[in-house]
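Understanding the architecture of this molecule
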Amino acid sequence: MIILAATPIGNLGDATARLVEVLSEAPVVAAEDTRVTQRLLAGLGIENRPRLIALHDHNERERAVELVELARDQDVVVLSDAGMPTVSDPGFHLVEAAAAAGVGVTALPGPSAVLTALAVSGLPTDRFTFEGFLPRKPGERSSALRALAAEPRTMVFFESPNRLAASLAAMAEVLGDERRVVVCRELTKLFEEVRRGTAAELAAWAAEGVRGEIAIVVAGAPAREADPETALEQVLALVASGTRLKDAAAEVAEATGLGRRDLYQAALEHKGRAPR
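An account of the accompanying structure is given in this report. (Residues numbered from 1 in each chain as written. Predicted model: local features only at pLDDT ≥ 70, side-chain atom pairs only at ≥ 80, totals over all residues. Heavy atoms only, no water.)

Along its length, the chain carries 11 helices and 10 strands. Overall, the C-alpha framework of the chain stretches about 90 × 50 × 30 Å when taken along its three principal axes. Relative to its 276 residues, the chain shows a buried fraction of 41%. The long-range share in the chain, meaning contacts at least 24 apart out of those at least 6 apart in sequence, stands at 70%. Counting every atom, the chain has about 15100 Å² of accessible surface; 50% of that belongs to carbon and sulfur. Of the side chains in the chain, 30 bear a positive and 39 a negative charge, and the two mean positions are spaced by 4 Å. (Helix = DSSP H or I, 4+ residues; strand = E, 2+ residues; numbered from the N terminus. Buried < 20%, exposed > 50% of the residue type's maximum accessible area, 1.4 Å probe, protein only. Contact = heavy atoms within 4.5 Å. Areas by Shrake-Rupley, 256 points an atom, 1.4 Å probe, with all protein chains shown as cover. Lys, Arg positive; Asp, Glu negative; His and termini not counted. Charge placed at Lys NZ, Arg CZ, Asp CG, Glu CD.)

Set out below in C-alpha cells:
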C-alpha cells in the first residue's frame, strides 16, 4: 500500500517509533528530496537502504502511475521534507491516483506545523482553516485576503521569511490593523519563537527581517453586529425586486447572522401594516 509518513518539522526527537520501524523495513521510499531523506535515515540510525524515488511538485503526476503500480506488490512509504505529505507538500495526486486504482492508502500520524502553530497560538482552535501559502504577487495576495476577510474561523498560513513582512502588511491593509495575528517561527527547533500582536504590530516587527520556517495564525473575522431594522429593509428591497420572501429572508439571515424565521415574520408583519 501507500504509506504517508509524517516526519519531524525540526526536532529529530519527534520522530515516532512507528516511523522508525516502517523506514527500517521499507523497500521503497518516495521522497520530496532524496538528500533530506538520506539525512533523516542517518539521523535516526536506520541502516536500511530503501530504493529512493524523487516525488516532488514537478513530477508527481507522472510518477504517481509508477508508484501506484509498485504499491500493488509492496509498501511504498511517502515522505515530505517535514511534516505530513499532501499538506502543502507532494502526495495529493499520488493518493488520488491510488484511490482511483483501488490501492490502499494509510498514514503514520506525527508532527504537523499546522496543528502545532494552531495549538500554541492562543487563538480559537474549535474551528479553523488551513490556507497554505499566499500568492507571491501583491495584487493576487490582496485578492486572496479579501476573499478571506469575512472568514469567521481561525486561519493558518505558511509563509517564506522573505515574504513575511509583505504578507503581514497586506493582512493589516485588507483585514484591518487590529486583526490578531500570531507568527510562529522555527517550531520545535532551538530558536523557536511565537510572537503575538496585531497585524500592524507584527508587520512593523517583520520589516526588520525574519529568518526560519514560518507559520502565521490569524484570528477569524469578528461577528458582525446586525441591525434588525436595516436587515428588514434589505429583505423588503429583495422582495420588491422580485425575490420570494422566503428566499429573501434566508439570504439576509445568512449575511447578517439574524434568524431567518424572525426576518420572515417581521416582513409579513410589515406587509400587514403597509397601507393598501
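All right, on to the packing of aromatic side chains then. The tally for this structure, following the rule as stated, stands at two aromatic pairs. Here the aromatic rings of F130 and F158 are separated by 5.0 Å at their centres, their planes lie at 65 degrees, and the arrangement is edge-to-face. Here F130 is found in strand β6 (residues 128-133), whereas its partner F158 is found in strand β7 (residues 154-159), with 28 residues between them in sequence. On the basis of relative accessibility, which here comes to 27%, the residue F130 falls in the partly exposed class. According to the relative accessible area criterion, F158 is buried, its value standing at 13%. Relative to F158, the ring of F133 lies with its centre 5.8 Å away and its plane at 65 degrees, an arrangement referred to as edge-to-face. Residue F133 is located in strand β6, and its partner F158 is located in strand β7; the two are separated by 25 residues in the primary sequence. Using a relative accessible area of 43% as the deciding quantity, one classes F133 as partly exposed. Put simply, the rings of F130, F133 and F158 touch in pairs and so form one group of aromatic residues. (Phe/Tyr/Trp six-rings, centres within 6.5 Å; stacked < 30°, edge-to-face > 60°.)

As a further point, take the sheet that holds strand β4 (residues 76-79). By definition, the strands of a sheet pair up through backbone hydrogen bonds, in either a parallel or an antiparallel sense. Pairing in this open sheet of five strands is parallel, and the strands run β3-β2-β4-β1-β5 from one edge to the other. Looking at the sheet topology across the chains shown, the edges are occupied by β3 (51-54) and β5 (105-108). Averaged over all neighbouring strand pairs, the angle between strand axes comes to 25 degrees, with direction disregarded. In this structure, strand β1 (residues 2-5) lies alongside β5, joined through four bridges in parallel fashion. Among the inter-strand pairings, A5 is bridged to a residue of β5, identified as L108. On the sheet, helix α2 (residues 34-43) packs against β2 (28-31), β3 and β4 and is oriented at approximately 145 degrees with respect to β3. (Pairing = 2+ DSSP bridges. Axes fitted to C-alpha atoms, helices over the stretch in contact; angles between N-to-C directions.)

Moving on, we get to the pairing of strand β8 (residues 180-185). Of all six residues in β8, five are buried; the element is thus mostly enclosed. Relative to strand β9 (residues 193-198), β8 is paired through six bridges, and the arrangement is antiparallel. When the bridges of β9 are listed, R180 appears paired with T198. As defined by bridge partners, β8 adjoins strand β10 (residues 214-218) across five bridges and the pair is classed as antiparallel. What sits directly across from C184, in β10, is A215.

Overall, mixed pairing links the five strands, which are arranged β6-β7-β10-β8-β9 in an open sheet. Looking along the sheet, the strands with just one partner apiece sit at the ends: β6 and β9. Taking each pair of neighbouring strands and ignoring which way they run, the sheet shows an average axis angle of 20 degrees. Of the strands in this sheet, β7, β8 and β10 touch helix α7 (residues 164-175), which is tilted by about 10 degrees from β10.

From the geometry alone we can't say anything about function, so treat these as descriptive.
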